[in-house]
There are 2 protein chains.
Amino acid sequence: MEQEQQGKVYRSELTPVSFLRRNAYMFPDKVAIVHGDRRYTYQQFEERVNRLSSRLRDAGLRKHDRVAFLAPNIPQLLEAHFAVPDAGCVLVPMNTRLGSDEVGYILEHSGAKMLFVDAELEKLVEPLDTSGIEVVRIDDTGESGDPYEDYLAEGSPETLPSVLEDEEETIAINYTSGTTGKPKGVMYSHRGAYLNALGVALALNMNSDSVFLWVLPMFHCCGWCYTWGVTAIAGTHVCLRKVEPGRMWELFESEGITHYCGAPTVQIPLVNHENAHELDHQVITAIGGSPAGPALLEKFQNLNIQPIHLYGLTETYGPDTICAWREEWDELSIEEKAQKLARQGQSHVTTSNIVRVVDENMNDVPRDGETMGEIVTRGNTVMKGYFEDEEETEKSFEGGWFHTEDIAVWHPDGYVEIRDRDKDVIISGGENISSVEVEQTIEKHQAVMEVAVVSTPDEQWGERPKAYVALKEGEEATEEEIIDFCKERIARFKAPAGVEFVDELPKTSTGKIQKYELREQEWEGQERRVG
Amino acid sequence: MEQEQQGKVYRSELTPVSFLRRNAYMFPDKVAIVHGDRRYTYQQFEERVNRLSSRLRDAGLRKHDRVAFLAPNIPQLLEAHFAVPDAGCVLVPMNTRLGSDEVGYILEHSGAKMLFVDAELEKLVEPLDTSGIEVVRIDDTGESGDPYEDYLAEGSPETLPSVLEDEEETIAINYTSGTTGKPKGVMYSHRGAYLNALGVALALNMNSDSVFLWVLPMFHCCGWCYTWGVTAIAGTHVCLRKVEPGRMWELFESEGITHYCGAPTVQIPLVNHENAHELDHQVITAIGGSPAGPALLEKFQNLNIQPIHLYGLTETYGPDTICAWREEWDELSIEEKAQKLARQGQSHVTTSNIVRVVDENMNDVPRDGETMGEIVTRGNTVMKGYFEDEEETEKSFEGGWFHTEDIAVWHPDGYVEIRDRDKDVIISGGENISSVEVEQTIEKHQAVMEVAVVSTPDEQWGERPKAYVALKEGEEATEEEIIDFCKERIARFKAPAGVEFVDELPKTSTGKIQKYELREQEWEGQERRVG
């Protein structure tokens, strides 16, 4: 306990690390983390965080140094969300579904000094030159002999003085795939993380009795800030190495799960699982990536699961808007309800500004539910910028608002609803796939003349990439060959779900490929393009 | 809607006004305020706030000018909590139980340019020289002809651009009676108000279905920030001009009340009222001022009311700590539960720091539940300082922490519990009474030689002032005479509940009156001194 403090008596720099400190103090014996048979109380959680934090400080890391993590939803990654910032460093949580090259790119671009890697994902790191990076393997045993546990054992269990000087310091960099194919490093601040943590907890009506199941990846926008949000309300985190619907149904009851988040790609197999049954307590789920259709919605009702549609991007710390339920929707049919719930809605409580839909001159489009424009947002839960990429940052902040590149209509009631995406990104199971990146890969195939990759509807994944390929004269290739070619070069989930060979791709008079036409073709008869 | 914004895209200055803006946008038709037969939706609430804000701007008020309100828990005072800061001004909510002189002192000290006064309280203002202050009467009819409504009618219903430049600007000044007898002006910032609003909403598990009954005065720490907190979660405010237990029981059901706050002085007549009955929905109540005894606690249980003990001071925006329930208390007897619940507990989620109990050298006292020390706190929800009183501000911030002057023990589990008060303040029904002020009044009586005022236990009010009086030789006075003498000069609730005539007051060797001894005498056999 510090005896004297510097600075204003009436100001503390906002940081989500404070949530853990408070819980360790007030609810030391409360279960903070469940992981299979392992359980950590809030006191143990803090002690492990302290050990990691002090060990990182001892490792000679300087303030703002990047520490990368490549791990599934395990306690260690949750610990990192508190320990790395507590040490004054910046967390770089990496997508476990990336290819080796992409992992290498992120390590290099972020300038990470350390990498913690789960044993199952070590294969992604092995081909890389990691000289200059200290690598610690996580065996996830929770016992000595596990390199991560041994690393912790060398740290001190004591709380060290905070080194945070300004709440706008960077707490994490989340890499996201954009239009260019090269991941961009989205910088989060302590202030934004603190505020969105409270916001997302409030969005799902969470309190200290809440038990959160980690289905949504923690590497994704720091788990939409629920890593910090569940901790803010002193709830319980239930970890999950691998998303299995059967296991989820078990945990709903054995651990008394009250909340989880997931894209429809996770929700559909869950509600259709043979063990699906009406729960005796209500479970609230946040749906993101794409909205729930009527069939899914009806199943949720029968299972006692209440869906809440949240929308956001990596650049907005995850959730930025909520499709808050309106009383007048109660009487609608299930199809109509699904239509309403498909809206992205409007700002949740800590978003600070109403999101707008604007034309190319940054003027609001009419709120007629028809005119399309781009969703723009601003405020405390918008990223600080892209790490070491001033050009992209400036571009995305043009006109004083963050440009989502999501094309939407603005409804008369103020809610926004996405109709199309401006950028060539395919959202598959909540993950961004850059169509440009897939195109660039396929173009490398010797038989390919030109290629366009667009999204195609998929019941489970929402969207999947599909490639339209024109072959060089005299060359031949099969669908399987192209798909395998991609799987060898980029993350498997980015490989196209299908390949259609065409003589020529549709083009504008100036020779630009009209991907819009191909998308139209794929999505014909589907009411929503993307969600 | 502003087309371009100044400043960082990723920063919005925190202000609780944003909560109202969001609700008016997202839940325009939701009932925001209930006041008897009157109902205002969030859209109407915002429109009224806009009218008041624009009218204040038109009145020529400059930024940071003070606007005083003297009113019970009516919609107009709630509106003031948003409109006055939106206009760039500082709200001064005044205690309706003050005497005329005190009202005059606050108006003068705050330099208020405007005063809004409820018709029933006009008598407090009539004797005062209000030259230089524009006074607007509130008839609380909600209809034209009511000076307040006519004032609003002159304003614009449109939202004007925010004039807030820095979230640390002052939003309100709450006057509190301290040791000196002269009220001190406690300054709140937009940032602190925003954060404590979220904190107090989370402390009571509130969400958008919450319906809050305004029992706690809004003039008291801006209603412990629930003026902003209930709005933050888009709940419904139910106003109440006068606290009447029978009316409360009616409203619990007719309006579906889910939350209210009150000192035991309000709670005891409520649970003992002839209409008290087990509610079919749970009501959560925050208890402050002093804790609930076992008898009250047992009644709560039978009535389906869940009490939560919050503690704080005007200087901490109201609630600073919460006695959060611990699982291990479930099995205790009702007496033991009451004992646990009597603790002030520890910081609620947005308090930012653990509160400490320190000795005179600012060292932590042992956490033994026995050693007494002073509660100190710091962080975002500590006042900016006392308005135009640097000396008192510095004194209260000594050593980098805010000194509550509440004497407490620190329990091994980290919770704090008040044992005595260092300052000569008597908390009667949640209101501060300065014993020094009462002493100074009684001293003016021609028959009085010396006087000491201490607290005496009172089942309903928690504490009441009691005067020990030594008369001048040859002079005579009765108890009634002294009490009436006070009632004519200071707020009636500050007059002593009893007067005991003594030959001599107990003194130290240096001649200082030993008030501690007198308190001992009053509180003998009572387990808790104060709460």
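Note that the structure is predicted; figures quoted are calculated from it, not measured. (Residues numbered from 1 in each chain as written. Chains lettered and ligands numbered in written order. Predicted model: local features only at pLDDT ≥ 70, side-chain atom pairs only at ≥ 80, totals over all residues.)

## Regarding the sheet that holds strand β11 (residues 259-262) of chain B
Residues and elements named next belong to chain B. Applicable threshold: Between any two strands, pairing holds if DSSP finds at least two bridges. The secondary structure listing takes helices from DSSP runs of H or I that are at least 4 residues long and strands from runs of E that are at least 2 residues long, numbered from the N terminus.
As summarised here, the arrangement of the nine strands in space is β2-β1-β10-β9-β11-β12-β13-β14-β15, forming an open sheet in which the pairing is mixed. At either margin of the open sheet sits one strand with a lone partner, and together these are β2 (38-41) and β15 (346-347). Sheet topology note: the strand β14 (residues 318-322)/β15 ladder contains two bridges and is antiparallel. Counted as the bridge partner of Thr321 is Ser347 from β15.

## A short note on the interface of chain B and chain A
Rule in force here: We call two residues in contact when their backbone-placed C-beta atoms lie within 7 Å. Just so you know the grouping, Ala, Val, Leu, Ile, Met, Phe, Trp, Tyr, Cys and Pro go in nonpolar, Asp, Glu, Lys and Arg go in charged, and all remaining residues, Gly too, go in polar.
In this complex, chain B contributes 42 residues to the contact, which on the side of chain A involves 42 residues. For the side of chain B that touches chain A, the secondary-structure elements that each account for two or more residues are α1 (17-26), α7 (190-203) and β15 of chain B. The residue inventory of the side of chain B that touches chain A, partitioned by class, reads 18 nonpolar, 17 polar and seven charged.

## What about unusual backbone geometry?
Residue and element names in this part refer to chain B. The line we're drawing: Any residue whose C-beta has 12 or fewer other C-beta atoms within 10 Å is treated as exposed, any with 20 or more as buried, and any in between as partly exposed, C-beta atoms being built from the backbone.
Despite not being glycine, Ala234 shows a phi value in the positive range, around 60°. For Ala234, the location among the structural elements is in the loop between α9 (226-232) and β10 (236-238). A positive phi angle is found at Tyr317, which is not glycine, with a value near 60°. As for its placement among the helices and strands, Tyr317 is situated in the loop between β13 (305-313) and β14. Residue Tyr317 is classed as buried on the basis of its C-beta count, with 31 C-beta atoms lying within 10 Å.

## A closer look at the domain arrangement of chain A
All names here are of chain A. Applied cut-off: Per the annotation, domain bounds derive from an automatic or database assignment of domains.
What the domain assignment reports for chain A is domain 1 (17-242) and domain 2 (425-523). A C-alpha centroid distance of 35 Å is found between domain 1 and domain 2. Each partner contributes residues to the interface: domain 1 has eleven residues there, and domain 2 has twelve residues. Of the residues that constitute the side of domain 1 that touches domain 2, the class distribution is one nonpolar, eight polar and two charged.

## A few points about the packing of helix α2 (residues 42-58) of chain B against helix α3 (residues 75-86) of chain B
Residues and elements named next belong to chain B. How we decide: In this analysis, axes come from line fits to C-alpha atoms, helices being fitted only over the stretch in contact, and the angle between any two N-to-C directions falls in the range 0 to 180 degrees. Put simply, angles under 35 degrees are roughly parallel, angles over 145 are roughly antiparallel, angles from 65 to 115 are roughly perpendicular, and the rest are oblique. The sense of a crossing depends on the near helix, which, turned anticlockwise from the far helix by less than a right angle, makes the crossing left-handed and, turned clockwise, makes it right-handed.
Direction vectors running N to C along α2 and α3 enclose 40°, while the axes themselves pass 8 Å from each other. In terms of orientation, α2 and α3 fall into the oblique class. For the pair α2 and α3, the sense of crossing is right-handed. Contacts between α2 and α3 involve Arg48, Val49, Leu52, Ser53 and Leu56 on the former and, on the latter, Glu79, Phe82, Ala83, Val84 and Asp86. Among the residues making up the contact of α2 with α3, the classes are represented as six nonpolar, one polar and three charged.

## Focus: the sheet that holds strand β23 (residues 448-458) of chain B
Residue and element names in this part refer to chain B. The three strands lie next to each other as β23-β24-β25, forming an open sheet whose pairing is mixed. With partners counted over all chains shown, the strands left at the sheet margins are β23 and β25 (498-501), one partner each. Within the sheet, the average angular offset between the axes of one strand and its neighbour, ignoring direction, is 25°. For strand β24 (residues 462-471) and β25, the ladder comprises four bridges, and the chain directions are parallel. Counterpart to Lys466 in the pairing with β25 is Gly498. Here helix α17 (residues 515-523) sits on the sheet and contacts β23 and β24; the angle it forms with β23, its principal contact strand, is near 40°.

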